[in-house]
Amino acid sequence: MTTTCEGGVTRLRFLLATLAVAHAVARWRGGEIDRATALAAMNVSGEGLTPFHVVVPARLSSTRLPRKPLADIGGVPMIVRVARRAAQSNAKSVVVAADHPEIVAACAAHGIAAILTSADHANGSDRLAEASVSLGLDDAAIIVNVQGDEPMLAPALIDDVAA
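None of the values given here were measured: they were computed from a predicted structure.

Undergrad: What should I look at first to understand the sheet that holds strand S6 (residues 93-98) in this one?
TA: Sheet strands pair via backbone hydrogen bonds, and the direction of the pair is either parallel or antiparallel. Strand order in the open sheet formed by four strands is S7-S6-S3-S8, with parallel pairing between adjacent strands. For this open sheet the edge positions go to strand S7 (114-116) and strand S8 (142-145), each flanked by a neighbour on one side alone. Each neighbouring strand pair of the sheet contributes to a mean axis angle of 30 degrees, computed without reference to strand direction. Across the sheet, helix H5 (residues 124-134) touches strand S3 (52-58), S6, S7 and S8, and the angle it forms with S3 is around 125 degrees.

Undergrad: Explanation requested: the side chain of Asn145 in the structure shown.
TA: With respect to the helices and strands, Asn145 occurs in strand S8. Classification of Asn145 as buried rests on a relative accessible area of 15%. At 3.1 Å, the side chain of Asn145 forms a polar contact with the side chain of Gln147.

Undergrad: It is not clear to me how the pairing of S6 should be interpreted in this structure. Could you clarify?
TA: Looking down a regular strand, the side chains alternate between one sheet face and the other. Of all the six residues making up S6, five are buried; the element is thus mostly covered by neighbouring parts of the structure. Inspection of the sheet shows S3 paired to S6 by six bridges, in the parallel sense. Residue Val55 lies in a different strand from S6, and its bridge partner there is Val95.

The rules behind each value
Residues numbered from 1 in each chain as written. Predicted model: local features only at pLDDT ≥ 70, side-chain atom pairs only at ≥ 80, totals over all residues. Heavy atoms only, no water. Pairing = 2+ DSSP bridges. Helix = DSSP H or I, 4+ residues; strand = E, 2+ residues; numbered from the N terminus. Axes fitted to C-alpha atoms, helices over the stretch in contact; angles between N-to-C directions. Contact = heavy atoms within 4.5 Å. Buried < 20%, exposed > 50% of the residue type's maximum accessible area, 1.4 Å probe, protein only. Polar contact = N/O pair within 3.5 Å; in protein donor to acceptor, adjacent residues only side chain to side chain.

Without other data, these values stay purely geometric and don't point to any function.
In structure tokens, the structure reads:
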């Protein structure tokens, strides 16, 4: 998928879990097919992982649960728990892309890399595009978009999506 960052200056190719990939992974996890068959269905070889990055977009103004990224889960903000789980994957880097300084500060307090992005983005993909430019990632870099409200996401699933 290609998207343009604000101003249309920079293009970014990034990887998102498509329905076909999610379906293949679910079938593999459910024991319906083996890993090789799942990888073949996703058109990947599985021979080692291509280096990839994780960006976790986070927005403070959630409509269903206000301040959701900072929601306390056992004394730790949800966004920190998500980033810690992502860091357990084989990602080369994990960065939170936040729309508010409070999220960046909460991440910093827990040793999580975070950058401040525009509060005007329409969606997480736009926030991810801005972050990739700020981080200086190459247009060909593989970036896995991990949702900020997935504190129990299996790190292996992130690797599978990037494979």
